[in-house]
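Letter by letter, the chains look like this.
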There are 2 protein chains.
Amino acid sequence: MKRKLLTMRKVAILGIGQTSVSEHWDKSLRELAGEAIFAALNDSGRQTAQALYVGNMLSGSLNQQEHLGVMVADWVGFTPGEALKVEAACGSGAAALRAGVIAVASGELDSAMVVGVEKMTDSKPPETTSALATAADADWEAAEGLTFVAINALIMRRYMREFGWKHTDFAPFSINAHANAEHNPNARLPFPITLGEYKAARMVAEPINLLDASPIGDGAAAVLLVPAEGLQGRHHHSVVIEASSCATDSLAVHDRRDPISLAAAARSAQIAFNQAGIVPAEVDFFELHDAFSIMSVLSLEACGFAERGQGPRLGLDGHILPTGSIPITTLGGLKARGHPVGATGVYQVVESVTQLRGLAGAAQIADAKTALVQNIGGSGATVYTHILLRS
Amino acid sequence: MKRKLLTMRKVAILGIGQTSVSEHWDKSLRELAGEAIFAALNDSGRQTAQALYVGNMLSGSLNQQEHLGVMVADWVGFTPGEALKVEAACGSGAAALRAGVIAVASGELDSAMVVGVEKMTDSKPPETTSALATAADADWEAAEGLTFVAINALIMRRYMREFGWKHTDFAPFSINAHANAEHNPNARLPFPITLGEYKAARMVAEPINLLDASPIGDGAAAVLLVPAEGLQGRHHHSVVIEASSCATDSLAVHDRRDPISLAAAARSAQIAFNQAGIVPAEVDFFELHDAFSIMSVLSLEACGFAERGQGPRLGLDGHILPTGSIPITTLGGLKARGHPVGATGVYQVVESVTQLRGLAGAAQIADAKTALVQNIGGSGATVYTHILLRS
């Protein structure tokens, strides 16, 4: 819980880049990653970086390519510099970010490119579903036939029973995400949805229907990290990473003390708040990990924005809207920007920087200074939290 | 090339642990990792570590389990601490080590457990061969039908043609590795081989025969990293990490300026020598990445122990023996200890620490003080070098 990051030098995000989240039939894994990296370099005015951290989950199983670090470094001309892949399931993007942050903060590196990339839509749906299930416990969950959505459905059902919420009480999270995505040119599903459509959506794993679930996709997002010192005034674009933390919980949900509370999200957020020296009320917007609508609710509760069991209230009362007290998924979130799993954590950061720079257009959160960003691996097993400040 | 690591605090290896490299039909991935971790904790006298870095390449494709960081952390009771998986093909073990070293050196962590683990022998051989090919370039090598051994065979053939060496000139590397493995209770192939057996071994991919190639296997190895400050005198067992580096080269071998020279190994070693402030002649033994006998030769040349094209001479003249000027693969190397790919880099370090502690028994290198350890991903694309000192 100590404010460790502050004992090292501060890290800034100097450049950001992204591809659209889509079905990129015409682009390979390396081309997607390269497009995001070149955009981030271009945005920062730099030519290269000393090292490359790649966040990715499924390249081995879906793209027959491991060794992604050097594969991408080779493509973008970063060799002979350091390159590696970091994996923490759907939290891989933020895991790569944190590894890069530590290396730059420590002084070991003077620049690091972090890219999250995933290419999922080439594969047949059963293959993708099997591959995604590797985020859960292979021996104790997947081997029982539980898919990833089924695990989340069990959590949602238990939550609804425990606190008396109806399925439609979760609708505001999906409706808000889709409404915000309309203003995001890179979103996978950039169109609004209605309550009627939410209610009528076909069932995936009861009570999770199609509009509770985030879509997979192909995409890449990248950020260039550099020391913050010396940037002041010269780069009006720079955003500082004020906190970076990771916490974990049992991989198998049935092993947790409380299956409907995200203990690792709570701990990870608490460490980050301590590092940044702020409280939840000081957060201007929250990019949370809405893989399923139930995850939005549990994340808000874990991070101190709602009491246990009261998360849906934030949606029903409009607090999560861009004009609310705690805007979430401001450019569509996983639900509507899309969820290219290993890339998602970096997309969240790229979008947060866009907001902090005041460049989010019609989706802009007024006077955004402080962003909370949380990326979750599995159903709450690995949780990374970052706090970004407009510098 | 700057001596960056020295600007941070120094990192020591306080504990080591390993399983045997074998066909572990009765142990799951988490059990193998756990066995090595508990051994390392026990060896260090510690109860836990703040974070877990898992080096692994193939769990997604061969074990239907990603998210290995928290899966292992959960099993060994390290939750709610940080946990992640680091991947760089056959260099994954050292990649995880370096990530852990940076985090402890920086002050972000006060302890980190690094475990390399791989479980390969459950799978059918064609699956394993396909999975290993993901270390090469999927689009430009594997898609052409090149397996990993075939790529190395092309390199070896070209090397032999270029410099006029015969196949039997490579025999000393395999014979030495097997002879050394006889004294390693954890080795996969702990028996000596003769020149006659080497010559008569069946062909795998000409000119690489079965006794030029390292065997796959199941296994796990672990090291506990802590700050070195304050350990002096209290832990006679501790070994200090004096240098840590990574360099990369084109993933596809045909893209390299010189396909029979390991440019990334040379660069990575040079950075490490500069960090440690030593020259090759000061190295007491060298744990190199002998995935194939040609790789021993190229590694020795890249690290400054032989001129280009003259590596086989070190074997023929006995320099690589335990009593020679540059002993290699002192406890069997990849060839005879075995090559559980994502674990190999950590096995190399565990064995080096055993030597530096003077506890290698009949395999002990006399008065070993300085170890050079090099772990290679792909056919020289990602190369990690660490230099360890008896403290």
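Everything numeric here is computed off the predicted structure, so don't read it as measured data.

### Overview of the overall build of chain A
Turning to step 1, where the next piece is worked out: Tallying secondary structure elements over chain A gives 13 helices and eleven strands in all.
Turning to step 2, where the next piece is worked out: For 391 residues, the compact-globule estimate of 2.2 N^0.38 gives 21 Å, and chain A sits close to it at 19 Å.
Turning to step 3, where the next piece is worked out: Overall, chain A is about 55 × 45 × 40 Å in size when its C-alpha atoms are taken along their principal axes.
Turning to step 4, where the next piece is worked out: Relative to its full complement of 391 residues, chain A shows a buried share of 66%.

### Observations regarding the interface of chain A and chain B
Turning to step 1, where the next piece is worked out: Facing the 56 residues of chain A at the interface are 56 residues of chain B.
Turning to step 2, where the next piece is worked out: By the bridge criterion, three bridges tie strand E3 (residues 82-87) of chain A to strand E3 (residues 82-87) of chain B in an arrangement that is antiparallel. Paired with Val86 of chain A across the bridge in E3 of chain B is Val86 of chain B.

### Concerning the domain arrangement of chain A
All names here are of chain A.
Turning to step 1, where the next piece is worked out: For chain A, the domain assignment lists domain 1 (4-124 + 217-227) and domain 2 (135-214 + 242-390).
Turning to step 2, where the next piece is worked out: Taken together, the contacts link 36 residues of domain 1 with 32 residues of domain 2.
Turning to step 3, where the next piece is worked out: The leading source of residues in the side of domain 1 that touches domain 2 is helix H4 (residues 92-106), at seven residues.
Turning to step 4, where the next piece is worked out: Classifying every residue of the side of domain 1 that touches domain 2 by side-chain character gives 22 nonpolar, eleven polar and three charged.

### Re the environment of His183 of chain A
Residue and element names in this part refer to chain A.
Turning to step 1, where the next piece is worked out: With respect to the helices, strands and loops of the structure, His183 is situated in the loop between helix H7 (171-181) and helix H8 (195-200).
Turning to step 2, where the next piece is worked out: According to the C-beta neighbour criterion, His183 is partly exposed, with 17 such atoms within 10 Å.
Turning to step 3, where the next piece is worked out: As for His183 and Leu331, which are separated by 148 residues in sequence, their C-alpha atoms are 7.0 Å apart.
Turning to step 4, where the next piece is worked out: When near neighbours in sequence (up to four residues on either side) are disregarded, His183 contacts Gly361, Ala362 and Ala363.

### As for the environment of Gly345 of chain A
Residues and elements named next belong to chain A.
Turning to step 1, where the next piece is worked out: Along the chain, the position of Gly345 falls in helix H13 (residues 341-356).
Turning to step 2, where the next piece is worked out: Owing to 31 C-beta atoms within 10 Å, Gly345 belongs among the buried residues under this scheme.
Turning to step 3, where the next piece is worked out: In sequence terms Gly345 and Gly377 are 32 residues apart; their C-alpha atoms lie 9.7 Å from each other.
Turning to step 4, where the next piece is worked out: Non-local contacts of Gly345, meaning those with residues more than four positions away in its chain, are made with Gly55, Gly91, Ser92, Gly93, Ala94, Leu97, Gly116, Asn375 and Tyr384.

### Structural notes on the confidence of the model for chain A
Turning to step 1, where the next piece is worked out: Residues at a pLDDT of 70 or more form 97% of chain A, whose mean pLDDT is 96.
Turning to step 2, where the next piece is worked out: Overall fold confidence for the complex sits at a pTM of 0.97, while the interface term, ipTM, reaches 0.97.

### Quick notes on the packing of helix H1 (residues 29-44) of chain B against helix H3 (residues 68-76) of chain B
All names here are of chain B.
Turning to step 1, where the next piece is worked out: Put simply, H1 and H3 touch, their axes get as near as 9 Å, and they point 60° apart. Comparing their axes, H3 and H1 come out oblique. When you trace H1 past H3, the crossing you get is right-handed. Each of Arg30, Ala33, Gly34, Ile37 and Phe38 in H1 lies in contact with H3, whose residues at this interface are Met71, Val72, Trp75 and Val76.
Turning to step 2, where the next piece is worked out: Taken together, the residues of the contact of H1 with H3 sort by class into seven nonpolar, one polar and one charged.

### Notes on the relation of the copies chain A and chain B
Turning to step 1, where the next piece is worked out: Once turned by 180° and shifted 0.0 Å along the axis, chain A lies on chain B with an RMSD of 0.0 Å. Between the two chains, the operation in question is that of a two-fold axis.
Turning to step 2, where the next piece is worked out: The overlap is high: 100% of the interface residues of chain A also sit at the interface in chain B, so the same surface is used on both sides.

### What to know about unusual backbone geometry
All names here are of chain A.
Turning to step 1, where the next piece is worked out: Following Thr79, the chain continues into Pro80 via a peptide bond in cis, with omega recorded as 10°.
Turning to step 2, where the next piece is worked out: Mapped onto the secondary structure, Pro80 falls in the loop between helix H3 (68-76) and E3.
Turning to step 3, where the next piece is worked out: Although it is not a glycine, Ala89 sits at a positive phi angle of roughly 55°.
Turning to step 4, where the next piece is worked out: On the secondary structure map, Ala89 appears in the loop between E3 and H4.

### Examining helix H10 (residues 293-302) of chain A
Residues and elements named next belong to chain A.
Turning to step 1, where the next piece is worked out: Taking burial as the measure, the ten residues of H10 include ten buried ones, the bulk of the element.
Turning to step 2, where the next piece is worked out: Taken together, the buried positions of H10 are Ser293, Ile294, Met295, Ser296, Val297, Leu298, Ser299, Leu300, Glu301 and Ala302.
Turning to step 3, where the next piece is worked out: On its buried side, H10 packs onto helix H6 (148-163), H7, helix H9 (263-276), helix H11 (311-316) and strand E10 (370-377).
Turning to step 4, where the next piece is worked out: Looking one or two residues beyond H10, the residue adopting positive phi is Gly304, at roughly 90°.

### Digging into the pairing of E10 of chain A
All names here are of chain A.
Turning to step 1, where the next piece is worked out: Taken across its eight residues, E10 has seven buried, putting it largely inside the fold.
Turning to step 2, where the next piece is worked out: Both E10 and strand E11 (residues 382-390) contribute to a ladder of eight bridges, which runs antiparallel. Bridge pairing in E11 links Ala371 to Leu388.
Turning to step 3, where the next piece is worked out: Hairpin connection from E10 to E11: four residues lie between these consecutive antiparallel strands, with Gly378 at a positive phi of about 65°.

### Considerations on the pairing of strand E1 (residues 11-18) of chain A
Residue and element names in this part refer to chain A.
Turning to step 1, where the next piece is worked out: With eight of eight residues buried, E1 is to be regarded as a mostly interior element.
Turning to step 2, where the next piece is worked out: Where E1 meets strand E8 (residues 239-248), three bridges bridge the pair, whose relative direction is antiparallel. Residue pairing in the sheet places Ala12 in a bridge with Val240 of E8.
Turning to step 3, where the next piece is worked out: As paired elements, E1 and strand E7 (residues 219-227) share seven bridges and run antiparallel to each other. By the bridge assignment, Gly15 is partnered in E7 with Leu224.

### Focus: the packing of helix H4 (residues 92-106) of chain B against helix H13 (residues 341-356) of chain B
The description of two helices packed together rests on the angle between their axes and the distance between the axes.
Residues and elements named next belong to chain B.
Turning to step 1, where the next piece is worked out: Interhelical geometry of H4 versus H13 gives an angle of 65° and a closest axis separation of 5 Å. Facing H4, whose interface residues are Ser92, Gly93, Ala94 and Leu97, H13 presents Gly342, Ala343, Thr344, Gly345, Val346 and Val349.
Turning to step 2, where the next piece is worked out: When grouped by side-chain class, the residues that make up the contact of H4 with H13 number five nonpolar, five polar and no charged.

### Describing the nonpolar core
Soluble globular proteins: nonpolar side chains tend toward being buried together.
Turning to step 1, where the next piece is worked out: Ranked by size, the top nonpolar core spans 297 residues in total, and within it Val115 of chain A together with Val115 and Val223 of chain B carry the most contacts.
Turning to step 2, where the next piece is worked out: For Val115 of chain A, the contacting residues outside a window of four places in its chain are Ala33, Ala36, Ile37, Leu52, Val54, Val72, Ala220, Ala222 and Val346 of chain A.

### So, H6 of chain A
All names here are of chain A.
Turning to step 1, where the next piece is worked out: Taking 1.5 Å per residue as the helical rise, H6 with its 16 residues ought to reach 22 Å, and the 23 Å between its terminal C-alpha atoms agrees with that figure.
Turning to step 2, where the next piece is worked out: Residues of H6 that are buried make contact with helix H5 (125-133), strand E5 (203-205), strand E6 (208-209) and H10.
Turning to step 3, where the next piece is worked out: Once H6 finishes, Gly164 follows within two positions and takes phi at roughly 75°, a positive value.

About the cut-offs
- Residues numbered from 1 in each chain as written.
- Chains lettered and ligands numbered in written order.
- Predicted model: local features only at pLDDT ≥ 70, side-chain atom pairs only at ≥ 80, totals over all residues.
- Helix = DSSP H or I, 4+ residues; strand = E, 2+ residues; numbered from the N terminus.
- Rg over C-alpha atoms; globule rule 2.2 N^0.38 Å.
- Buried ≥ 20, exposed ≤ 12 C-beta atoms within 10 Å, placed from the backbone.
- Contact = placed C-beta atoms within 7 Å.
- Pairing = 2+ DSSP bridges.
- Domains from an automatic or database assignment.
- Nonpolar A, V, L, I, M, F, W, Y, C, P; charged D, E, K, R; others polar.
- pLDDT = per-residue confidence, 0-100.
- Axes fitted to C-alpha atoms, helices over the stretch in contact; angles between N-to-C directions.
- Parallel < 35°, antiparallel > 145°, perpendicular 65-115°, else oblique.
- Left-handed = near helix turned anticlockwise from the far one by under 90°.
- Least-squares fit on C-alpha atoms with pLDDT ≥ 70 in both.
- Core = buried A, V, L, I, M, F, W, Y, C linked by C-beta atoms within 7 Å.
- Expected span 1.5 Å × (residues − 1).

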